[in-house]
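Listed here are the chains, written in short residue letters.
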Amino acid sequence: MPTSTNIAILAGQLVVGGAERQLYLWLANLDRERFNPIVLTLHPGFGDYWEKPIEDLGIPLFRINQRNNRISRLREIQQILQPFQPQLVHGWHLFSGAYASLVAPHFKAKSLVGIRSSFESIQNSLELRIAQYFADAFIVNSESAAARIKSEKPSIRHVYVVPNAVIADFESRETVRQRLIRELGLRPDALWLVAVGRLEQLKHFDELLEVAASLQDKQCNFHLILIGGGPEESALIQLSQQLHLEDCVRFTGEIPNAIRLLKGFDIFCMTSFLEGLPNVVMEAAAAGLPIVTWQLPFYEELLTPGETALMAAPGDRASFEQAVQAFINDQHLRERLGAAAQAQVTEKFSLDHYIQNMTKVYETMLQPKPSPDKK
């Protein structure tokens, strides 16, 4: 492999999000003597959070305007890449991966397509149908996603698994608590439950509000803080009002780099049924928080039921509530499982492992095909 290989990374978006944070970590830590990267974003003009940090790394960032005509968009991508002549085109998200798989052959480059969400959420998408036909390989962040892809899409031959990295970069507990007491009017004597994510139906935050209503009826002393914005925000606020949760539930809206606040909370709750490898759960564990979620394969890749997290039967709201109440009632249980989760996640999902694994994938893809033996 040449000393410096041109790598083009196509990002569907660069908003605040786990997938985009992982992209930044890769760009900030890859070996620039071996890989010469540029980034193209397909979501310009919206002030996406990670655009400036990527440019601050000295990496060229090109903005591909949104168009109804996808062929025109593909041509624009090709024109931008023409002087660069990439040897690998990596679609970081599946949406951009479809473009990566189509444009790479023009440069005789390899194409790598990322799937960073659950397989169920994309299995019937046009982008997957395009990529599975044209892409050289796929990259996912969980073994469960890889298993589903291989089972459901046997025509996809090469699937690499690179788990996400977790970074223990948190503000102090006291700093966070003083800020949130001041800004949100939280009671310092209450236990603070937190959920972080995009407020959309797939995350099932409505289930969490129903759990909060039941806990409130049982006179538990708690606050539930929902951090994130999204299309379901107004509906969730309305449901919170209908359930008379105004005193104990707070909506913060989107907070950039919200993970830095996690140490200020007492219990982390995750109600989503469809995930790839959820960054926010890893980050909550790295902060030492006790975690309640569903017993599903992608959560079990991160944590061990009963040992490093409490996991309810999927969809069993009463079981989920019992797990939350167990943490509310037992400080020792919170401390024990929080410490165990922190140890498990920081060991398994270090930044060093992530960079080594990503580097290995790129190296493998860029290896020339062996010449056939001469007879």
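These remarks concern the structure in this document.

Rules used throughout
- Residues numbered from 1 in each chain as written.
- Predicted model: local features only at pLDDT ≥ 70, side-chain atom pairs only at ≥ 80, totals over all residues.
- Heavy atoms only, no water.
- Pairing = 2+ DSSP bridges.
- Helix = DSSP H or I, 4+ residues; strand = E, 2+ residues; numbered from the N terminus.
- Axes fitted to C-alpha atoms, helices over the stretch in contact; angles between N-to-C directions.
- Contact = heavy atoms within 4.5 Å.
- Left-handed = near helix turned anticlockwise from the far one by under 90°.
- Nonpolar A, V, L, I, M, F, W, Y, C, P; charged D, E, K, R; others polar.
- Patch = residues over 30% accessible without salt bridge, like charges linked within 9 Å, V, L, I, M, F, W, Y side chains within 5 Å.
- Areas by Shrake-Rupley, 256 points an atom, 1.4 Å probe, with all protein chains shown as cover.
- Salt bridge = Lys/Arg side-chain N within 4 Å of Asp/Glu carboxyl O.
- Buried < 20%, exposed > 50% of the residue type's maximum accessible area, 1.4 Å probe, protein only.
- Phe/Tyr/Trp six-rings, centres within 6.5 Å; stacked < 30°, edge-to-face > 60°.
- Parallel < 35°, antiparallel > 145°, perpendicular 65-115°, else oblique.

### A word on the sheet that holds strand β1 (residues 5-11)
One open sheet accounts for seven strands, arranged β3-β2-β1-β4-β5-β6-β7; its pairing is parallel. Of all strands in the sheet, those with a lone pairing partner are β3 (61-63) and β7 (159-161), marking the two edges. Ignoring which end each strand starts from, the neighbouring axes of this sheet average 25° apart. Note: strand β5 (residues 110-115) against strand β6 (residues 137-140), four bridges, orientation parallel. By the bridge assignment, Ile115 is partnered in β6 with Val140. The sheet contacts of helix α1 (residues 18-29) involve β1 and β2 (35-41), and relative to β1 the element is tilted by about 165°. In the packing of helix α4 (residues 94-103) onto the sheet, the strands contacted are β1, β4 (88-91) and β5, and the crossing angle to β5 comes to about 170°.

### Comments concerning the packing of α4 against helix α5 (residues 126-134)
Running from N to C, α4 and α5 point in directions that differ by 35°, and their axes come no closer than 8 Å. The element α4 and its partner α5 pack so that their crossing is left-handed. Across from Leu94, Phe95, Ala98, Ser101 and Leu102 in α4, the residues of α5 making contact are Glu127, Leu128, Ile130, Ala131 and Phe134. Grouping the constituent residues of the contact of α4 with α5 by class yields eight nonpolar, one polar and one charged.

### Here's the deal with a nonpolar patch on the surface
On the surface, Leu102, Tyr133 and Phe134 cluster together to form a nonpolar patch covering roughly 340 Å² of accessible area. Note that Tyr133 resides in helix α5.

### Description of the sheet that holds strand β9 (residues 222-227)
In sheet architecture, strand pairing relies on hydrogen bonds along the backbone and comes in two forms, parallel and antiparallel. Read across the open sheet, the six strands follow the order β10-β9-β8-β11-β12-β13; overall the sheet is parallel. With one partner strand each, in any of the chains shown, β10 (249-253) and β13 (310-312) form the two edges of the open sheet. Strand-to-strand twist in this sheet, taken as the mean axis angle between neighbours without regard to direction, amounts to 25°. Relative to β9, strand β8 (residues 191-196) runs parallel, the two sharing six bridges. Paired with Ala195 across the bridge in β9 is Leu226.

### Brief notes about helix α10 (residues 279-286)
Taken across its eight residues, α10 has eight buried, putting it largely inside the fold. Turning to α10, its buried residues number three or more, namely Asn279, Val280, Val281, Met282, Glu283, Ala284, Ala285 and Ala286. Packed against the buried residues of α10 are α1, β8, β11 (267-269), β12 (291-294), α11 (297-300) and α13 (331-348). A positive backbone phi angle near 85° is found at Gly288, which sits one or two residues after α10.

### So, the packing of aromatic side chains
Overall, the coordinates contain eleven aromatic pairs when judged by the stated rule. Judged by centre distance (5.9 Å) and plane angle (70°), the ring pair of Phe95 and Tyr99 falls under edge-to-face. Note that Phe95 and Tyr99 are positioned in helix α4 at a spacing of four residues, about one turn of the helix. When its relative accessible area of 6% is taken as the criterion, Tyr99 is described as buried. Summarising the aromatic geometry, the rings of Phe273 and Trp294 are spaced 5.0 Å apart at their centres and angled 15° between planes, so their arrangement reads as stacked. Note that Phe273 is positioned in the loop between β11 and α10 and Trp294 in strand β12, a separation of 21 residues in sequence. The structure contains a cluster of three or more aromatic residues connected by ring pairs, namely Tyr24, Tyr49 and Trp50.

### Remarks on the packing of helix α8 (residues 205-217) against helix α12 (residues 317-329)
Packing of α8 against α12 brings their axes to within 10 Å, and their N-to-C directions diverge by 55°. What the angle tells us is that α8 and α12 run oblique. Crossing of α8 against α12: the hand is right-handed. Across the interface between the two elements, Glu207, Leu208, Glu210, Val211, Ser214 and Leu215 of α8 pack against Arg317, Phe320, Glu321, Val324, Gln325 and Ile328 of α12.

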